[in-house]
Amino acid sequence: NFLETACKRAVQCACDIQNKLNNLEIVKGKFLSVKIGLGVGQCHILFVGGLFGRCEYLCVGEAMRQACESETHASGGGQILMSELVQRHVIGSYNFIKAEVQPGYSATDNLTYYMIDREGSEQYGKGNKVMTKADAFLMRKLFDKKRIKEKLGTLRTFLPAGVKSYLNIDKETWCKEIRLITSMFLNIKIDLSQLKDESAFQKVQSVANTVQRCIYRTRGALNKFLMDDKGSVMLMVWGIPPYSSRDDPLSCVCSCMTILAELKKLGLKCGMGV
């Protein structure tokens, strides 16, 4: 069935990633460590923001919550963890070890989480594979240049103004620049388990609009909006096209103070790094 195939593809992809990237030497003496978490369930795509035609989208829901929860229980690199709901669909292909809850961590559900036993699974990353290349080819056929141009107006709403300016003059190959920028990471205490109804979704929209207003006043840009097990994370940048100023660091800190005050009015706590 569909869910079984989807779970098998996800695990297959996770195995391929671990085989190719975990313990990969990035520079001399420095190795990459990869932890992967998987979940399955209903999801929602939230479209938030909209100020000055700039939007962000993010995936939330049970599958994302389980995936984040799984990754949290990983104790080291090279591990692939999944909820019992995923494990049920792939149990015949791999051997599993029950995951231990990390010290000081309180689970938010009654699910059991499992880790693939890389040593005990003969089929790890090898057997029982499902077809993926054919679907990838079909996906490319669905999104031809003509269809993309028809949707260009909608797609532009998800691009920063600095990128759009180059698209307008059809010179996107020249938009790669090296610049001195000021960046801010904003962590808002909203987690995936709280997003279960319309009122929660509207709260996220209010947060996105509030942050946009605060940063656009000082000519900052919203780069991305993510949600994971650590909460809601926003990345903002000052100094990218079409605006740049020697006062960008000051503008960033001023925006921090404003965001702090405005989110407090919404009853939310946040942390920032500049």
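The model shown is predicted, which means the values in this text are computed figures rather than measured ones.

Peer 1: Explanation requested: the pairing of strand β6 (residues 80–83) in the structure shown.
Peer 2: Every other side chain in a regular strand lies on the same face of the sheet, so the side chains alternate between the two faces. Side chains of β6 alternate between two faces, with I80 and M82 and L81 and S83 buried alike. Here strand β3 (residues 36–38) pairs with β6 via three bridges, running parallel. Residue G37 lies in a different strand from β6, and its bridge partner there is L81.

Peer 1: What should I look at first to understand the packing of helix α8 (residues 198–216) against helix α9 (residues 248–265) in this one?
Peer 2: Axis angle and axis distance: for two packed helices, these are the angle between their axes and the distance between the axes, and together they describe the pair. In contact at an axis separation of 9 Å, α8 and α9 are set at 150° when each is read in the N-to-C sense. Viewed along their axes, α8 and α9 adopt a mutual orientation that is roughly antiparallel. As for the relative orientation of α8 and α9, their crossing is right-handed in sense. Contact with α8, carried on its side by V207, T210, V211, C214 and I215, involves S255, T258, I259, E262 and L263 of α9 and no other residues of that element. Considered class by class, the residues forming the contact of α8 with α9 number six nonpolar, three polar and one charged.

Peer 1: How should the layout of surface pockets be read in this particular structure?
Peer 2: Picture a little ball the size of a water molecule; that probe, rolled over the atoms, points out where space is still empty. Volume-wise, the largest pocket comes out at about 330 Å³. What lines the largest pocket is a set of 20 residues, among which A161, Y216, G220, A221 and Y243 lie closest to the centre. Those elements that place two or more of their residues in the lining of the largest pocket are α7 (161–168), β10 (221–228) and β11 (231–238). It is α7 that provides the largest number of residues to the lining of the largest pocket, a total of three residues. A per-class count over the lining of the largest pocket returns 14 nonpolar, three polar and three charged.

Peer 1: Is there a simple way to think about a nonpolar patch on the surface in this case?
Peer 2: On the surface, a cluster of nonpolar side chains totalling about 450 Å² of accessible area is made up of I17, L21, L24, I26, V27 and L32. Of all the secondary structure elements, the ones that give two or more residues to the nonpolar patch are α1 (2–21) and β1 (25–27). Structurally, L24 can be placed in the loop between α1 and β1. Among the residues examined, L24 registers a relative accessible area of 36% and is labelled partly exposed.

Peer 1: Please clarify how helix α2 (residues 62–72) should be interpreted in this entry.
Peer 2: Most of α2 is tucked away: eight of the eleven residues are buried. Among all positions in α2, only A63, R65, Q66, A67, C68, E69, S70 and T72 are buried.

Peer 1: Hey, could you run me through the side chain of E84 in this one?
Peer 2: Tracing the sequence through the fold places E84 in helix α3 (residues 84–90). Of note is the side chain of E84, whose polar atom sits 2.6 Å from the backbone nitrogen of T112. Setting aside its immediate chain neighbours within four residues, E84 contacts N110, L111, T112 and Y114.

Peer 1: Explain the sheet that holds β3 here, please?
Peer 2: Adjacent strands of a sheet form backbone hydrogen bonds with each other and so pair up, either parallel or antiparallel. Taken in spatial order, the four strands make up an open sheet running β3-β6-β8-β7, and their pairing is mixed. In the strand order of this sheet, the two ends are held by β3 and β7 (96–98), each with one partner. Averaged over neighbouring strand pairs, the angle between their axes works out to 30° when direction is ignored. Strand contacts of α1: β3, β6 and β8 (113–116), with the helix running at about 180° to β3, the strand carrying the most contacts. Sitting on the sheet, α2 is in contact with β3, β6 and β8, with an inclination near 145° to β3.

Peer 1: What's the story with the sheet that holds strand β12 (residues 270–273) in this structure? I'm lost.
Peer 2: The antiparallel open sheet is built from four strands, whose spatial order is β10-β11-β9-β12. Each of the sheet's edge strands pairs with one partner strand only, and the pair in question is β10 and β12. Taken pair by pair, the neighbouring strands of this sheet meet at an average axis angle of 15°, ignoring direction. Where β10 and β11 come together, seven bridges link them in antiparallel fashion. Counted as the bridge partner of L226 is V233 from β11. Across the sheet, α8 lies against β9 (182–188), β10 and β11, angled at about 150° from β10, the strand it touches most. Relative to β9, α9 is tilted by about 15°, and along the sheet it contacts β9, β11 and β12.

Scoring rules and cut-offs
Residues numbered from 1 in each chain as written. Predicted model: local features only at pLDDT ≥ 70, side-chain atom pairs only at ≥ 80, totals over all residues. Heavy atoms only, no water. Buried < 20%, exposed > 50% of the residue type's maximum accessible area, 1.4 Å probe, protein only. Helix = DSSP H or I, 4+ residues; strand = E, 2+ residues; numbered from the N terminus. Pairing = 2+ DSSP bridges. Axes fitted to C-alpha atoms, helices over the stretch in contact; angles between N-to-C directions. Parallel < 35°, antiparallel > 145°, perpendicular 65-115°, else oblique. Left-handed = near helix turned anticlockwise from the far one by under 90°. Contact = heavy atoms within 4.5 Å. Nonpolar A, V, L, I, M, F, W, Y, C, P; charged D, E, K, R; others polar. 1 Å grid on protein atoms, 1.4 Å probe; cavity = no way out; pocket = protein on both sides within 12 Å on 5 of 7 lines; lining within 4 Å. Points joined across faces, edges and corners; volume = space filled by probe spheres on them. Patch = residues over 30% accessible without salt bridge, like charges linked within 9 Å, V, L, I, M, F, W, Y side chains within 5 Å. Areas by Shrake-Rupley, 256 points an atom, 1.4 Å probe, with all protein chains shown as cover. Salt bridge = Lys/Arg side-chain N within 4 Å of Asp/Glu carboxyl O. Polar contact = N/O pair within 3.5 Å; in protein donor to acceptor, adjacent residues only side chain to side chain.

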